[in-house]
Amino acid sequence: MSTYYPRFYSNAYWSMPEHIMVATKAFGKPLPPHAVVHHINEDITDNRPENLLICTQAYHLALHARMRQRAWIERMVGGKAKDL
Ligand SMILES: [Zn+2]
């Protein structure tokens, strides 16, 4: 078999991870190239639309850097850091 499948078909819903599929449906059109879907509560099994954030790779990295920083401060103060 050497059937040629255009790129669209390789990105069809059935081949997408669930969080990408949910985000794509919520967005109403295919996600921009290089878009990243972040789980807001960090639970990667929680694919409710309200737990998903569509962002750029750069913003996603910054978000995770900030989350690591917050976790570090919380360990240092032994509690929840509220105003970061
Ligand atoms: Zn993330």
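Nothing here was measured: the structure is a model prediction, and the numbers come from that model. (Residues numbered from 1 in each chain as written. Predicted model: local features only at pLDDT ≥ 70, side-chain atom pairs only at ≥ 80, totals over all residues.)

Draft legend 1. Main features of the overall build of the protein. A tally of helices and strands in the protein yields three helices and two strands. Counting helices and strands in the order they occur from the N terminus, the protein gives α-α-β-β-α. The buried share of the protein, taken over its 84 residues, is 2%. Contacts spanning at least 24 positions in sequence make up 24% of the contacts within the protein whose residues lie at least 6 apart. (Helix = DSSP H or I, 4+ residues; strand = E, 2+ residues; numbered from the N terminus. Buried ≥ 20, exposed ≤ 12 C-beta atoms within 10 Å, placed from the backbone. Contact = placed C-beta atoms within 7 Å.)

Draft legend 2. Representation of the environment of cysteine 55 within the structure. Along the polypeptide, cysteine 55 turns up in strand 2 (residues 52–55). On the basis of neighbour count, cysteine 55 is assigned to the partly exposed category, with 15 C-beta atoms found within 10 Å. Cysteine 55 sits 23 residues away from proline 32 along the chain, and the two C-alpha atoms are 9.4 Å apart. With near-sequence residues (within four places) excluded, cysteine 55 lies in contact with Val36, His38, His60 and Leu63.

Draft legend 3. Highlighting the environment of histidine 60. The topology assignment puts histidine 60 in helix 3 (residues 57–77). Note on histidine 60: 16 C-beta atoms within 10 Å, which makes it partly exposed. Along the sequence, histidine 60 and valine 37 sit 23 residues apart, while their C-alpha atoms lie 8.4 Å from each other. The residues touching histidine 60, leaving out its near neighbours within four places in the chain, are Val36, His38 and Cys55.

Draft legend 4. Quick peek at unusual backbone geometry. Its identity is not glycine, yet histidine 34 carries a phi of approximately 70 degrees, on the positive side. Tracing the chain through its elements places histidine 34 in the loop between helix 2 (18–27) and strand 1 (36–39). With 8 C-beta atoms counted inside 10 Å, the residue histidine 34 sits in the exposed group. One non-glycine residue, glutamate 42, adopts positive backbone phi at about 70 degrees.

Draft legend 5. Fine view of the confidence of the model for the protein. Summary statistics for the protein give a mean pLDDT of 84 and a share of 79% for residues scoring 70 or more. Per-element averaging of pLDDT across the protein places helix 1 (residues 7–10) at the bottom with 48 and strand 2 at the top with 97. (pLDDT = per-residue confidence, 0-100.)

Draft legend 6. Expanded view of the environment of isoleucine 20. As for its position among the elements, isoleucine 20 is in helix 2. Judged by local crowding, isoleucine 20 falls into the partly exposed class, with 19 C-beta atoms found within 10 Å. For isoleucine 20 and isoleucine 54, which are 34 residues apart along the polypeptide, the C-alpha to C-alpha distance reads 9.1 Å.

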